[in-house]
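Structural overview for review
Spelled out from the first residue to the last, the chains are:
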Amino acid sequence: MHRDDYAMSQAAALDDTGSGGEDAPVLSAQRVEKTYRNGTRALDEVRLDIRRGEFVSLLGPSGCGKSTLLKMFAGLEEPSHGHIRWWGKNLATVGTPGHTLAMVFQEATLMPWATVEQNARLPLDLRHMPRAQSEPRVREALQLVGLEKFHQVLPRELSGGMQMRASIARALATQPNLLLMDEPFGALDEFTRNKLDADLRDIWSRQDLTVVFVTHSIYEAVFLSSRVIVMAARPGRVIADVAIDAPGPRDEAFRISAPFMQYCKTLSDYLTLANQQGGGHAGEH
Ligand SMILES: Nc1ncnc2c1ncn2[C@@H]1O[C@H](COP(=O)(O)OP(=O)(O)O)[C@@H](O)[C@H]1O
Ligand SMILES: [Mg+2]
């Protein structure tokens, strides 16, 4: 990039009022640090751009700041230093058409007294969206997660995996441009998790959707992602940025293929290196 272009793009990235431009990253963490009020240094200078249509996983051991970073991406926590930009703009612009986000947590967090359909419709009801508009959206979202036949069922009648599907449908019903997911399948058995991974990958591939997915499973990260950001702890930081370029479909055959194993090995080596090096930085990018 020409120097002046670079200067201009930097200026645009920091200009909260100007248009972010079509090619601005969906998310940009610019030297983001986080120290909690009790003094815990959760993240040390994260620089990261996530572009439209990417499926990015944040991979790392417990305590490396994955949830902290995701909460800042959701606007639920503020950086102590640095900036986050959404589509090149500040948090105030999030929620406008083309710039919407939704978050899915590790727990399904459904209202126990409400049906699957009512749960999925909640964010739209909160926006006072007319039923004529919300109902088709909810139907479509339930269809995407394979719950269309269960719309009248209460959460307690569903398995853990199906409750998580309902939670994802609630997020998809808002038709987000950016979907943030914090270990959504961490509490599920491996078989169910694999199935949900495959369905999520399928949903993502059929929509104009950018996903940031937190996991501590190497296998899950490789299966799902177009790119994996590896993080280390104490303090939390990014130690590697790995593109998963495997050709062909992400199916059960992919899980036992040579490229899959190779990517798992690469990520595993980064995590081992991070643990060995303790507080130091391991081979950035
Ligand atoms: N609200 C908080 N107040 C103080 N410390 C916190 C808070 N949330 C998380 N932490 C600490 O910040 C670090 C990163 O936590 P977290 O982002 O939850 O990591 P991860 O999701 O990777 O397990 C940990 O040391 C954790 O104990
Ligand atoms: Mg976490």
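Residues numbered from 1 in each chain as written. Chains lettered and ligands numbered in written order. Predicted model: local features only at pLDDT ≥ 70, side-chain atom pairs only at ≥ 80, totals over all residues. Heavy atoms only, no water.

Reading across the sheet, the 6 strands line up as E5-E6-E7-E3-E8-E9 and stay open at both edges, with mixed pairing between neighbours. Unpaired on one side and paired on the other, strand E5 (101–104) and strand E9 (237–243) mark the two borders of the sheet. Averaged over all pairs of adjacent strands, the angle between strand axes in this sheet comes to 15 degrees, irrespective of strand direction. Sheet topology places strand E3 (residues 55–59) next to strand E8 (residues 227–232); 4 bridges connect them, and they run parallel. Following the sheet pairing, Val 56 is matched in E8 by Arg 227. Sheet strands in contact with helix H5 (residues 160–172) are E5 and strand E6 (178–182), and its direction is about 170 degrees off that of E5. Contacts from helix H6 (residues 190–205) reach E3, E6 and strand E7 (210–215) within the one sheet, and its direction differs from that of E7 by about 160 degrees. (Pairing = 2+ DSSP bridges. Helix = DSSP H or I, 4+ residues; strand = E, 2+ residues; numbered from the N terminus. Axes fitted to C-alpha atoms, helices over the stretch in contact; angles between N-to-C directions. Contact = heavy atoms within 4.5 Å.)

Right, let's talk about the nonpolar core for a bit. Within the largest apolar cluster, 55 residues are counted, with the highest numbers of intra-cluster contacts made by Leu 179 and Val 222. Setting aside residues up to four positions removed in sequence, Leu 179 forms contacts with Ala 102, Val 104, Ala 171, Leu 172, Leu 209, Thr 210, Val 211 and Val 212. With 28 residues, the next largest nonpolar core counts Val 26, Leu 43, Leu 180 and Ala 233 among its residues. (Core = buried A, V, L, I, M, F, W, Y, C linked by side-chain atoms within 4.5 Å. Buried < 20%, exposed > 50% of the residue type's maximum accessible area, 1.4 Å probe, protein only.)

Moving on to the sheet that holds strand E2 (residues 41–50). Taken together, 3 strands build an open sheet; the order of strands is E2-E1-E4 and the sheet is antiparallel. Of all the strands in the sheet, just E2 and strand E4 (81–86) have a single pairing partner and so form its edges. If you compare each strand with its neighbour and ignore which way they point, the axes differ by 20 degrees on average. Relative to E4, strand E1 (residues 27–35) is paired through 5 bridges, and the arrangement is antiparallel. Residue Ser 28 lies in a different strand from E4, and its bridge partner there is Arg 85. Against the sheet, helix H2 (residues 66–73) contacts E1, E2 and E4, and its axis sits at roughly 55 degrees relative to E2.

Around ligand 1 sit Tyr 36, Asn 38, Thr 40, Ala 42, Pro 61, Ser 62, Gly 63, Cys 64, Gly 65, Lys 66, Ser 67 and Thr 68, and those are all the residues in its vicinity. One of the backbone N or O atoms of Gly 65 is found 3.1 Å from an oxygen atom in ligand 1. When residues of the shell around ligand 1 are assigned to their parent elements, the largest contribution, 3 residues, is made by H2. Of the residues belonging to the shell around ligand 1, the class tally is 4 nonpolar, 7 polar and 1 charged. (Near = heavy atom within 4 Å. Polar contact = N/O pair within 3.5 Å; in protein donor to acceptor, adjacent residues only side chain to side chain. Nonpolar A, V, L, I, M, F, W, Y, C, P; charged D, E, K, R; others polar.)

Across its 13 residues, H5 extends 18 Å between first and last C-alpha, which sits within 8% of the 18 Å expected from 1.5 Å per residue. Of all 13 residues in H5, 10 are buried, a share of seventy percent or more. For H5, the full list of buried residues reads Gly 161, Met 164, Arg 165, Ala 166, Ser 167, Ile 168, Ala 169, Arg 170, Ala 171 and Leu 172. (Expected span 1.5 Å × (residues − 1).)

Residue-level pLDDT values for the protein average 90, and 89% of them are 70 or greater. Every residue in residues 1–19 scores below 50 in pLDDT, and together they form 14 contacts with partners more than four places removed in sequence or on other chains. Between residues 279–285, whose pLDDT stays under 50, and residues either more than four places distant or in other chains, the model counts 15 contacts. (pLDDT = per-residue confidence, 0-100.)

Take the packing of H5 against H6 next. Where H5 contacts H6, the axes come no closer than 11 Å and their chain directions differ by 20 degrees. The pairing of H5 with H6 is recorded here as roughly parallel in orientation. Considering the relative orientation of H5 and H6, their crossing is right-handed. Across from Gly 161, Arg 165 and Leu 172 in H5, the residues of H6 making contact are Thr 192, Lys 195, Leu 196, Asp 199 and Ile 203. Of the residues in the contact of H5 with H6, the class split is 3 nonpolar, 2 polar and 3 charged. (Parallel < 35°, antiparallel > 145°, perpendicular 65-115°, else oblique. Left-handed = near helix turned anticlockwise from the far one by under 90°.)

A separate point is the side chain of Arg 165. Within the element layout of this structure, Arg 165 appears in helix H5. Other than its neighbours up to four places away in sequence, Arg 165 contacts Val 145, Leu 147, Lys 195, Leu 196 and Asp 199.

Now for the pairing of E3. Within E3, 5 of the 5 residues are buried, which leaves the element mostly enclosed by the surrounding structure. Residues Phe 55, Ser 57 and Leu 59 line one face of E3 and the alternating positions Val 56 and Leu 58 line the opposite face, and both faces are buried.

All right, on to unusual backbone geometry then. The peptide bond linking Arg 234 to Pro 235 adopts the cis configuration, its omega dihedral lying at -15 degrees. Tracing the chain through its elements places Pro 235 in the loop between E8 and E9. Of note in the backbone geometry, Glu 45 takes a positive phi value of approximately 35 degrees without being a glycine. Structurally, the position occupied by Glu 45 is in strand E2. The residue Thr 109 is not glycine, and still its phi comes out positive at about 45 degrees. The exposure class assigned to Thr 109 is partly exposed, which follows from its relative accessible area of 48%.

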